[in-house]
Amino acid sequence: MAKPAAAEVVVPGPDGDRAVRVSSPDRVIYEATESTPEVTKLMVAQFFADVGDGLMRALRDRPTALERWTSGVRPGMKLATGPQDKGADAFYQKRVPKGAPDYLETATITFPSGRTADEICPTEIAVPVWCAHMGTLTFHPWPVRRADVDRPDELRIDLDPQPGTTFADVVRVAGVARELLDDLGMVGFAKTSGNRGIHIFVRIRPDWEFTDVRHAAIAFGRELEKRDDGVTTAWWKEERGERIFVDFNQNSRDRTIASAYSLRPIPGSPVSTPMTWDEIATVTDPRDHNLFTVPSRMVDGDPWAAIDDVHNDLTPLLDLWSEHPVELNYPPDYPKMPGEPPRVQPSKKVAAHWDDAGNRVGD
């Protein structure tokens, strides 16, 4: 019997149900593992529909880049992160793909280079389902709403485990981060990254620019370093050691984190899963939260259901920054930023005799 050329996923729309076409519905996106069956393209689309309430809470009115794995996830496959990765198996889609349905809306964003682009801006669940038809597994929303794309409404704390650390270390640091937020009078919402890390999203009033929010993230990371010696804000990998890195640059313009309820391109179809703080403290294996197990969590509601009701004041963290306003490195594709240290790996700076401005002064 021939396999169906297409299928449909029916989802609620603003004026009634929408039927979203999904081509090659039987294409295997995730192969079976010891603990999970195989996952088809249609199952991915249906998953996004099933978690639609939480997924739209994460994406609604946000410019969103797509991480597309059009051939599925297999060992050895590579995600393109720049022009040097020609021939990679997956890629980031930052501009609206061709053939987008007429109900898909957009937002215009500006990259650090000054160039602009129209990105997908989800306003209804049919959009993420259509993105699944296009091979999308992970959504990367900006921390802004399209009403003001230059003023973030989220501070994002990315706890990134380094070699030699464990998920238990990340859980411990997340607990310290929660205590710090409490001390600052701020409310954060935690989720698994879907891989080895934990993300904490702190909704803020959209009163500050990207630079301010990034400085707040640096201040938060430095305060965590004081409270737990297993934490680092060192930008250069050779200086991080076996510690949890607070990736402050995830708060830079055009830097994004996988959204809540995104799938991750890892065997077993793990999901970046929102949790209560009590749940986060008890997680031992984030892979337990996957395409097959997460939808049932929605029966009791989204643990992040109240996130839209929170509008934190960033001032306490900016006050901490003002006490130690020492800039750290930006991502390498950024233009040189004011006050930024030399973009020279520390070990190479010593060997090549670089001065403090990043200029080579001798052999």
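To be clear, the structure that these remarks concern was listed above.
It should be emphasised that the depicted structure is a prediction, and the values quoted were computed from it without experimental measurement. (Residues numbered from 1 in each chain as written. Predicted model: local features only at pLDDT ≥ 70, side-chain atom pairs only at ≥ 80, totals over all residues. Heavy atoms only, no water.)

1. Looking at the pairing of strand β7 (residues 106-110)
Quick note on the threshold: The classification of residues rests on relative accessible area computed with a 1.4 Å probe and restricted to protein chains. Under 20% of the type maximum is buried, over 50% is exposed, and intermediate values are partly exposed. Put simply, DSSP marks the helices as runs of H or I at least four residues long and the strands as runs of E at least two long, and each gets a number from the N terminus on. Strand pairing is assigned whenever DSSP detects at least two bridges linking the two strands.
The alternating pattern of β7 places Ala-107 and Ile-109 on a buried face, while none of Thr-106, Thr-108 and Thr-110, on the opposite face, is buried. Summarising the sheet, β7 and strand β8 (residues 116-120) pair through five bridges and their orientation is antiparallel. What sits directly across from Thr-106, in β8, is Ile-120.

2. A look at the pattern of salt bridges
In plain terms, the rule: The salt bridge definition used is simple: a Lys or Arg side-chain nitrogen within 4 Å of an Asp or Glu carboxyl oxygen.
Taken as a whole, this structure holds 30 salt bridges when the rule is applied. The salt bridge partner of Glu-223 is Lys-226, with a shortest N-O separation of 3.7 Å. One end of the pair, Glu-223, and the other, Lys-226, are both in helix α5 (residues 210-227), three residues apart, so they sit about a helical turn from each other. When its relative accessible area of 66% is taken as the criterion, Lys-226 is described as exposed. Overlapping salt bridges, with partners in common, bring together Arg-62, Arg-145, Asp-153, Glu-154, Arg-156, Arg-203 and Asp-308 in one network.

3. What to know about the sheet that holds strand β12 (residues 198-203)
To keep it simple, the criterion reads: The contact criterion used is simple: two residues touch if any of their non-hydrogen atoms lie within 4.5 Å. Every axis corresponds to a line fitted to the C-alpha atoms, with the helix fit spanning only the stretch in contact, and the corresponding angles, defined between N-to-C directions, vary from 0 to 180 degrees.
If you walk across this open sheet you meet the six strands as β13-β14-β10-β12-β11-β15, and the pairing is mixed. For this open sheet the edge positions go to β13 (231-232) and β15 (274-275), each flanked by a neighbour on one side alone. One ladder, built from six bridges, connects strand β10 (residues 154-161) with β12; its direction is antiparallel. Within the sheet, the bridge partner assigned to Leu-159 lies in β12 and is Ile-198. Contacts between helix α4 (residues 167-184) and the sheet are confined to β10, β12, β13 and β14 (244-246), with β12 contributing the most and set at about 20 degrees to the helix.

4. Quick word on α5
An α-helical turn contains 3.6 residues, so a residue and the one three or four places further along point in the same direction. The criterion, for reference: Each residue after the first adds 1.5 Å to the expected span of a helix.
Here α5 contains 18 residues, and its C-alpha end-to-end distance of 26 Å stays within 8% of the 26 Å for a straight helix at 1.5 Å per residue. The element α5 is largely enclosed, with a buried count of 13 among its 18 residues.

5. Observations regarding unusual backbone geometry
The phi dihedral of Asp-61 falls on the positive side, at around 65 degrees, and the residue is not glycine. By the secondary structure assignment, Asp-61 is in the loop between α2 (52-59) and β5 (64-68). On the basis of relative accessible area, Asp-61 is assigned to the partly exposed category, the value being 25%. With a phi close to 50 degrees, Ser-269 is a non-glycine residue in the positive phi region. Within the fold, Ser-269 resides in the loop between β14 and β15. Residue class for Ser-269 comes out buried when judged on its relative accessible area of 1%.

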